[in-house]
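Breakdown of the fold
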Amino acid sequence: MKKNRLDARMITIMGLLIALMVTLSRLVSFETPLLKISVTFIPQVVMGILFGPFWTGIGSVLADVVGMALFPKSVFFIGFTLNAFIEGAIYGFFFYRKEITWKNAILATLSVTVLISLILTPLWLVIMYQVPMNWVFWGPRLLRAIIWVPIQSIMIYVIGRAMPYKRILRSLTTHTK
């Protein structure tokens, strides 16, 4: 696969993964004003495996914007779109053309959880709602992190190991030449 170049087949795969991300994020998730639990990370990891940090970040941004346009649940805030890019880039960094290992699954999950869920999202919520930052923002997030990090790491490892990504990457590579 040529670097930073997408063909029609790769755009189609990315489009399907973006559609899956929108569906999982907007229609199949548990969400309160302060906390969201979703399995959107699954198509993001698959996108990260296939397309790398940059394109996974772009795909995540597109999923966020399309999701907000089709199924708005609150006002649009650019900080959450930045979160989407960073999250996609993290998954691309940890999984692009790499073996799916416990170490990568746990480190990727911890990176996303700490940076996005525990640092940036509370910051964006404070800016959006113009309230002081306090335990209300971190209490549910810390509890979610304690429970969700092991579950998410296991899911990434199991799905990543079951996915025939090497065959898919070979297929994408042979069609771009």
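About the thresholds
- Residues numbered from 1 in each chain as written.
- Predicted model: local features only at pLDDT ≥ 70, side-chain atom pairs only at ≥ 80, totals over all residues.
- Heavy atoms only, no water.
- Helix = DSSP H or I, 4+ residues; strand = E, 2+ residues; numbered from the N terminus.
- Contact = heavy atoms within 4.5 Å.
- Areas by Shrake-Rupley, 256 points an atom, 1.4 Å probe, with all protein chains shown as cover.
- Expected span 1.5 Å × (residues − 1).
- Buried < 20%, exposed > 50% of the residue type's maximum accessible area, 1.4 Å probe, protein only.
- Polar contact = N/O pair within 3.5 Å; in protein donor to acceptor, adjacent residues only side chain to side chain.
- Axes fitted to C-alpha atoms, helices over the stretch in contact; angles between N-to-C directions.
- Parallel < 35°, antiparallel > 145°, perpendicular 65-115°, else oblique.
- Patch = residues over 30% accessible without salt bridge, like charges linked within 9 Å, V, L, I, M, F, W, Y side chains within 5 Å.
- Salt bridge = Lys/Arg side-chain N within 4 Å of Asp/Glu carboxyl O.
- Bend = angle between axes of the 7 residues up to and from the residue.
- Left-handed = near helix turned anticlockwise from the far one by under 90°.
- Nonpolar A, V, L, I, M, F, W, Y, C, P; charged D, E, K, R; others polar.
- UniProt positions renumbered as here; feature names shortened; annotations may be inferred.
- Core = buried A, V, L, I, M, F, W, Y, C linked by side-chain atoms within 4.5 Å.

Considerations on the overall build of the chain
For the chain, the count of helices and strands is six helices and two strands. If you list the helices and strands of the chain from N to C, you get α-β-β-α-α-α-α-α. Of the contacts made within the chain by residues no fewer than 6 positions apart, 73% connect residues no fewer than 24 positions apart. Roughly 9,400 Å² of accessible area belongs to the chain as shown, and the carbon and sulfur atoms make up 74% of that amount.

Some remarks on helix H3 (residues 78-95)
Helix length check: H3, at 18 residues, gives a terminal C-alpha distance of 26 Å against a target of 26 Å (1.5 Å per residue), a fit within 8%. Looking only at H3, the buried set comprises Gly-79, Thr-81, Asn-83, Ala-84, Glu-87, Gly-88, Ala-89, Ile-90, Tyr-91, Gly-92, Phe-94 and Phe-95.

Re the environment of Glu-99
As for its placement among the helices and strands, Glu-99 is situated in the loop between H3 and helix H4 (102-129). Along the backbone, Glu-99 and Gly-160 are 61 residues apart, and their C-alpha atoms lie at a distance of 8.6 Å. Here Arg-161 takes part through its side chain, which lies 3.0 Å from a polar atom of the side chain of Glu-99.

Some words on the packing of H3 against H4
Put simply, H3 and H4 touch, their axes get as near as 10 Å, and they point 170 degrees apart. Considering their axes alone, H3 and H4 lie roughly antiparallel with respect to each other.

Some points on a nonpolar patch on the surface
Where nonpolar side chains cluster on the molecular surface, the patch consists of Trp-102, Ile-106, Leu-110, Ile-154, Val-158 and Ile-159 and spans about 500 Å² of accessible area. Breaking the nonpolar patch down by element, the ones donating at least two residues are H4 and helix H5 (135-162). The class of Val-158 is partly exposed, set by a relative accessible area of 48%.

Here we look at H4
Helix length check: H4 (28 residues) gives 38 Å between terminal C-alpha atoms against 40 Å at 1.5 Å per residue, within 8%. By the largest-angle criterion, Leu-120 marks the main kink of H4, which is about 35 degrees, and a proline, Pro-122, follows within four residues. Positive backbone phi, approximately 50 degrees, marks Gln-130, located one or two places after H4.

A few points about the packing of helix H1 (residues 8-26) against helix H2 (residues 41-70)
At their nearest, the axes of H1 and H2 sit 8 Å apart, and the two run at 55 degrees to each other. Overall, the two elements H1 and H2 adopt an arrangement that is oblique. Our pair here, H1 against H2, has a crossing hand that is right-handed. Along the lines of polarity and charge, the residues of the contact of H1 with H2 split into 19 nonpolar, four polar and two charged.

Details of the UniProt feature "transmembrane region" (unreviewed entry) in the chain
When the UniProt feature table is mapped onto this chain numbering, "transmembrane region" (unreviewed entry) sits at residues 6-27, 34-55, 75-94, 106-130 and 142-160. The annotated region residues 6-27 carries 86% helix and 0% strand content, and the separation between its end C-alpha atoms amounts to 29 Å. Between the C-alpha atoms that bound residues 142-160 there is a distance of 26 Å. The span itself is 100% helix and 0% strand.

Brief notes about the pattern of salt bridges
It is possible for side chains bearing opposite charge to pair when their charged atoms get close. According to the stated counting rule, one finds two salt bridges in the structure shown. Ionic pairing is found between Arg-161 and Glu-99, a salt bridge with its closest N-O pair at 3.0 Å. Placement of Arg-161 in helix H5 and of Glu-99 in the loop between H3 and H4 is noted, with a sequence separation of 62 residues between them. On the accessibility criterion, Glu-99 (37% relative accessible area) is partly exposed.

With respect to the side chain of Asn-83
By secondary structure assignment, the location of Asn-83 is in helix H3. In this structure, Asn-83 is in contact with Ile-116, Leu-120, Thr-121 and Trp-124, ignoring residues within four places of it in sequence.

Regarding the nonpolar core
Judged by nonpolar contacts, the single largest core of 31 residues is most densely connected at Met-47, Ile-49, Phe-51, Tyr-91, Phe-95 and Ile-156. For this core, the secondary-structure elements that each account for two or more residues are H1, H2, H3, H4 and H5. Top contributing element to this core by residue count: H2, with eight residues. Aside from chain neighbours lying at most four places away, what touches Met-47 is Met-14, Leu-17, Ile-18, Met-21, Gly-52, Trp-55, Thr-56 and Gly-59.

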